Amino acid sequence: SISMPMAGTSLLDIEVHAFYGSGLRSVVIPASVTSIGYSAFHDSVSLTLLEFGSGSGLKRMHHSAFRNLAITEVEIPASVIYMQWDIFNSCDSLTSIVLTTHDRDIFTLILLTLYYDNFRYDPSSAAKISIDSTATSASILDGIQPPKLH
């Protein structure tokens, strides 16, 4: 078990490979974190709970940041404006993704990134993930279509 950040400090970035392959079972990313680096939690296969602190200021999630975890659900903070590929790739237990952004362009970027990451290798897995956008205004969804999978 770890506590982030240490008393009296603010954690801004979780660096590349910071917890790669760790035995962590749950993580709450502090609201002060603005960036999660490449493969920061990659292969932390015991990690079943991933939460972001209330009022999260997270802006960027880099390549494979949460690849191959045992999480079943995740809520992507509204503050996220950038996601690279393979963020949640190989998270085979992931069945629920909640997007809370009200920005149409960011919503589209995140949605397409998630579709690309999780379904390009196994298009049939798209049926097992529910993307809940109820926190997003209905108009933001107008005209957004998932990519065609071949």
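Since we're looking at a predicted model, the values are computed, not measured.

Conventions used here
- Residues numbered from 1 in each chain as written.
- Predicted model: local features only at pLDDT ≥ 70, side-chain atom pairs only at ≥ 80, totals over all residues.
- Heavy atoms only, no water.
- Core = buried A, V, L, I, M, F, W, Y, C linked by side-chain atoms within 4.5 Å.
- Buried < 20%, exposed > 50% of the residue type's maximum accessible area, 1.4 Å probe, protein only.
- Helix = DSSP H or I, 4+ residues; strand = E, 2+ residues; numbered from the N terminus.
- Pairing = 2+ DSSP bridges.
- Contact = heavy atoms within 4.5 Å.
- Phe/Tyr/Trp six-rings, centres within 6.5 Å; stacked < 30°, edge-to-face > 60°.
- Lys NZ or Arg CZ within 6 Å of the ring centre and 35° of its normal.
- Salt bridge = Lys/Arg side-chain N within 4 Å of Asp/Glu carboxyl O.
- pLDDT = per-residue confidence, 0-100.

1. As for the nonpolar core
With 32 residues, the main nonpolar core has Ile29, Ile36, Phe41, Phe66, Ile76 and Phe88 as its most contacted residues. Counting residues per element, the ones that place at least two in this core are β2 (26-29), β4 (49-52), β6 (73-76), β8 (96-99) and α1 (104-119). Among the elements that make up this core, the one with the highest residue count is α1 (4 residues).

2. Comments concerning the sheet that holds strand β3 (residues 35-36)
Strand order in the open sheet formed by 4 strands is β1-β3-β5-β7, and the pairing between neighbours is parallel. Strand pairing shows two members of the sheet lacking a second neighbour, β1 (13-14) and β7 (82-83), which therefore form its edges. Judged from the 2 bridges that link them, β3 and strand β5 (residues 60-61) form a sheet pairing that is parallel. Directly across from Ile36, in β5, lies its bridge partner Met61.

3. Focus: the side chain of Ser44
By secondary structure assignment, the location of Ser44 is in the loop between β3 and β4. Setting aside chain neighbours within four positions, we find Ser44 in contact with Phe19, Tyr20, Gly21, Ser22, Asn68 and Leu69.

4. Points about the packing of aromatic side chains
Given two aromatic rings, one states the distance between the centres and the angle between the planes to describe the pair. Using the criterion set out here, one finds 4 aromatic pairs in the structure. With a centroid separation of 5.5 Å and an interplanar angle of 15 degrees, the aromatic rings of Phe41 and Phe66 are classed as stacked. Of the two residues, Phe41 is situated in the loop between β3 and β4 and Phe66 in the loop between β5 and β6; the sequence distance between them amounts to 25 residues. Taking the relative accessible area as the measure of exposure, Phe41 reaches 1% and is therefore buried. Cluster of aromatic residues (ring-pair linked, three or more members): Phe19, Phe41, Phe52, Phe66 and Phe88. One cation-aromatic arrangement involves Arg60 over Tyr82; the distance from NZ or CZ to the ring centre is 5.0 Å.

5. Details of the pattern of salt bridges
Inspection of every chain in the model, using the stated rule, returns 1 salt bridge. Between Asp86 and Arg67 there is a salt bridge, with the nearest N and O atoms lying 3.4 Å from each other. With Asp86 in the loop between β7 and β8 and Arg67 in the loop between β5 and β6, this residue pair connects regions lying 19 residues apart in the sequence. Under the relative-accessibility criterion, Asp86 is labelled buried at 4%. Residue classification places Arg67 among the partly exposed positions, given a relative accessible area of 21%.

6. A look at the pairing of β8
Burial along β8 is two-sided: the residues Ser96 and Val98 and Ile97 and Leu99 are all buried. Direction of pairing for β6 relative to β8: parallel, over a ladder of 4 bridges. Its bridge partner being in β8, Ile76 is matched across the sheet by Leu99.

7. Some points on the confidence of the model for the protein chain
Residues of the protein chain with pLDDT of at least 70 account for 67%, and the chain-wide mean is 77. At the low end of the mean pLDDT range in the protein chain sits strand β9 (residues 130-132), at 55; at the high end sits β3, at 96. Note that residues 134-150 has pLDDT below 50 and, in this model, 31 contacts with residues that lie over four places away or in other chains.

8. Quick notes on the environment of Arg67
Sequence spacing of Arg67 and Ser90 is 23 residues, and the spatial spacing of their C-alpha atoms is 5.9 Å. Once residues lying within four places of it in the same chain are set aside, the contact partners of Arg67 are Phe41, His42, Asp43, Asp86, Ile87, Asn89, Ser90 and Cys91.

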